Amino acid sequence: MANVVPPAGLTRALAVQAMVYAVGSGLFHAGSAVFFTRALGLSAAQVGLGLSIAAGVSLLGTVPLGGLTDRYGPQRVWAIGLVLNGALFATYPFVGGFAGFLAVVVALAAADAATGVARQVYSINALPPAERVTAMAYQRSSLNVGFGLGAVISGLVLTVDTIGAYRGMVWTIAGASLVTALFVRRLPRLPQVARPVEPMGPLAVLRDRPFMAVSLLSGLLTAHGVLYLTVMPLWILTHTDAPKTVIAGLVLLNTVLIVLLQVRVSRGADTADGAARASRRGGLLIAVSCLVLPISGVTRGPLTVVVLVAAATLLILAELIQSAGAWGLTATLPPDDQRGAYVGAFRLGEQVQYLIAPAGLTALGVTTGGWGWLPMAAIFVLVGLAIVPAVAWTGRTPRLGSPALAPAMTPVS
């Protein structure tokens, strides 16, 4: 239980707020498609277009919005972002037409980008270096508990299937955001961080080539999510004799193992070298899962299910270990006075992955009939092996805005 229930103190407080927030997120992710079409009367094409535009806003705004965290402090940006998030969700039932939907979904994408960076920066700044990765692991475990509760509630909403139920759903999500904002306001205040009199520009971090290389490589490794939630189900449906219910079982397996194992497998990732090695192990495990999964295309009956569970377990372990590595990199590589901008830049790699992985990995894994899993495995081997020297390169290179600025510092207001 020590690997599931966080210890008392700030680590537990951060995990509790994560679970409360995740209940709303899980509720919306499970029921949003039906809400958009049934309650707002939008077509599937309009929903897809709006979400794509919002993703583009999130991609473009991650770095400058991360800079807000450096300027105003992570706790303030986090709380304001959650209040905006709640207010925007509360307006959803009153949206009329595609233009209103687009305005809300784009504003939500910007608020989510800002709060995501601020939440992570607060967790890093508020805890000693040895506790940061563990605390983020507890948060992720709690997030999955919240996601599961939200999904259960969404099932009840979808069963009722009335406009009133869908409106109640988004208002519940708005309430969860506001409650989380209250949690955040009650968290311990952080000491002021000294900043240069002339801080970096909002996009200057993009010139830090070693760090951006790490961001890209680490972001590519997050494609394990696309493999698990998109490519693997399509493979099961089109190339195996396994029943469709196996897909739901594998999703449940993912949730359970994250809750039980995330903290345990995160040990050792609290230094830059340890985080790099964890990222490498994650990439290699993804590659092994890519070699095991296609075997299910030639097996039959119960053996197919066994192979699928084995491949899924490898991919889940890869996800757990790679996530810990990413947290360790964001906790150790950015400079203290520019952490928001650097964490925002680190997230760009994941955003790039979302642009290319769904189509690219589906084409390789599903449409080739099976041989595409071999080059896919090779890609993840190369990415996993490359991230260790990339992190070493980053360690040998001073971060932008870091050298000898102590005499010219001024505290954040």
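Preceding this paragraph is the structure being described.
As a starting point, this report considers the structure included with it.

## Observations regarding the overall build of the protein
And step 1. In terms of helices and strands, the protein carries 13 helices and two strands.
And step 2. For 413 residues, the compact-globule estimate of 2.2 N^0.38 gives 22 Å, and the protein sits close to it at 21 Å.
And step 3. Overall, the C-alpha framework of the protein stretches about 70 × 50 × 40 Å when taken along its three principal axes.
And step 4. Out of the 413 residues in the protein, the part that is buried amounts to 49%.
And step 5. Per element, the accessible surface of the protein, about 17,500 Å² overall, is 70% carbon and sulfur.
And step 6. Computed over 25 positive and 13 negative side-chain charges, the separation of the two mean positions in the protein equals 3 Å.

## Description of the pattern of salt bridges
And step 1. Under the counting rule described, the total for this entry stands at two salt bridges.
And step 2. For Arg140, the salt bridge identified is with Glu319, shortest N-O distance 2.3 Å. One end of the pair, Arg140, is in helix 5 (residues 129-160); the other, Glu319, is in helix 11 (residues 302-332), and 179 residues separate them in sequence. There is no split in this pair, since Arg140 and Glu319 are both buried.
And step 3. Between Arg339 and Asp336 there is a salt bridge, with the nearest N and O atoms lying 2.4 Å from each other.

## Thoughts on the nonpolar core
And step 1. Ranked by internal contacts, the top residues of the largest apolar core, which has 65 residues, are Leu227, Met232, Cys290, Leu329, Leu361, Trp373 and Phe380.
And step 2. Secondary structure elements with two or more residues in this core: helix 5, helix 7 (209-221), helix 8 (224-239), helix 9 (245-265), helix 10 (272-292), helix 11, helix 12 (339-367) and helix 13 (373-396).
And step 3. Core analysis: the next-biggest nonpolar cluster, separate from the first, contains 24 residues, Leu40, Phe101, Ala165 and Ile173 among them.

## So, the packing of helix 1 (residues 10-39) against helix 5
For any two helices packed against each other, one specifies the inter-axial angle together with the distance between the axes.
And step 1. Running from N to C, helix 1 and helix 5 cross one another at 35°; their axes reach a closest spacing of 6 Å. The two elements helix 1 and helix 5 cross, and the hand of that crossing is right-handed.
And step 2. Across the contact of helix 1 with helix 5, the residue classes tally to 18 nonpolar, 10 polar and no charged.

## Quick look at the environment of Tyr138
And step 1. Relative to the assigned elements, Tyr138 resides in helix 5.
And step 2. With relative accessibility at 6%, the residue Tyr138 sits in the buried group.
And step 3. Along the primary structure Tyr138 and Arg12 are separated by 126 residues, whereas in three dimensions their C-alpha atoms are 8.0 Å apart.

## With respect to helix 2 (residues 44-72)
And step 1. With 29 residues, helix 2 extends 39 Å between its outermost C-alpha atoms, agreeing within 8% with the 42 Å of an ideal straight helix rising 1.5 Å per residue.
And step 2. For helix 2, the principal kink sits at Thr62 and spans about 55°; a proline, Pro64, occurs within the next four residues.
And step 3. Within helix 2, the full set of buried residues consists of Val47, Gly50, Ala54, Ser58, Gly61, Thr62, Val63, Leu65, Gly66, Thr69 and Asp70.

## With respect to the environment of Arg185
And step 1. Of note, Arg185 is situated in helix 6 (residues 163-186).
And step 2. Taking the relative accessible area as the measure of exposure, Arg185 reaches 43% and is therefore partly exposed.
And step 3. Distance in space between the C-alpha atoms of Arg185 and Glu319 is 31 Å, their sequence separation being 134 residues.
And step 4. Excluding residues within four positions of it along the chain, Arg185 makes contact with Gln75 and Ala79.

## Some thoughts on unusual backbone geometry
And step 1. Phi is positive for Asp161, close to 55°, though the residue is something other than glycine.
And step 2. Tracing the sequence through the fold places Asp161 in the loop between helix 5 and helix 6.

## Regarding helix 3 (residues 74-91)
Along an α-helix, residues three or four positions apart point the same way, because every turn accommodates 3.6 residues.
And step 1. The terminal C-alpha atoms of helix 3 lie 26 Å apart, and with 18 residues this matches the ideal 26 Å at 1.5 Å per residue to within 8%.
And step 2. By the burial criterion, the buried members of helix 3 are Pro74, Gln75, Val77, Trp78, Ala79, Gly81, Leu82, Asn85, Gly86, Leu88 and Phe89.
And step 3. Each element contacted by the buried residues of helix 3 is listed here: helix 1, helix 2, helix 4 (97-126) and helix 6.

## Notes on the packing of aromatic side chains
And step 1. Applying the stated criterion across every chain yields a total of 14 aromatic pairs.
And step 2. When the centroid spacing of 6.0 Å and the interplanar angle of 20° are considered together, the rings of Phe28 and Tyr92 count as stacked. Taken together, the residues span a long stretch of sequence, with Phe28 in helix 1 and Tyr92 in the loop between helix 3 and helix 4 at a distance of 64 residues.
And step 3. Plain terms: the ring middles of Phe89 and Tyr92 are 5.7 Å apart, the flat faces sit at 65° to each other, and that makes the pair edge-to-face.

Calculation criteria
Residues numbered from 1 in each chain as written. Predicted model: local features only at pLDDT ≥ 70, side-chain atom pairs only at ≥ 80, totals over all residues. Heavy atoms only, no water. Helix = DSSP H or I, 4+ residues; strand = E, 2+ residues; numbered from the N terminus. Rg over C-alpha atoms; globule rule 2.2 N^0.38 Å. Buried < 20%, exposed > 50% of the residue type's maximum accessible area, 1.4 Å probe, protein only. Areas by Shrake-Rupley, 256 points an atom, 1.4 Å probe, with all protein chains shown as cover. Lys, Arg positive; Asp, Glu negative; His and termini not counted. Charge placed at Lys NZ, Arg CZ, Asp CG, Glu CD. Salt bridge = Lys/Arg side-chain N within 4 Å of Asp/Glu carboxyl O. Core = buried A, V, L, I, M, F, W, Y, C linked by side-chain atoms within 4.5 Å. Axes fitted to C-alpha atoms, helices over the stretch in contact; angles between N-to-C directions. Left-handed = near helix turned anticlockwise from the far one by under 90°. Nonpolar A, V, L, I, M, F, W, Y, C, P; charged D, E, K, R; others polar. Expected span 1.5 Å × (residues − 1). Bend = angle between axes of the 7 residues up to and from the residue. Contact = heavy atoms within 4.5 Å. Phe/Tyr/Trp six-rings, centres within 6.5 Å; stacked < 30°, edge-to-face > 60°.

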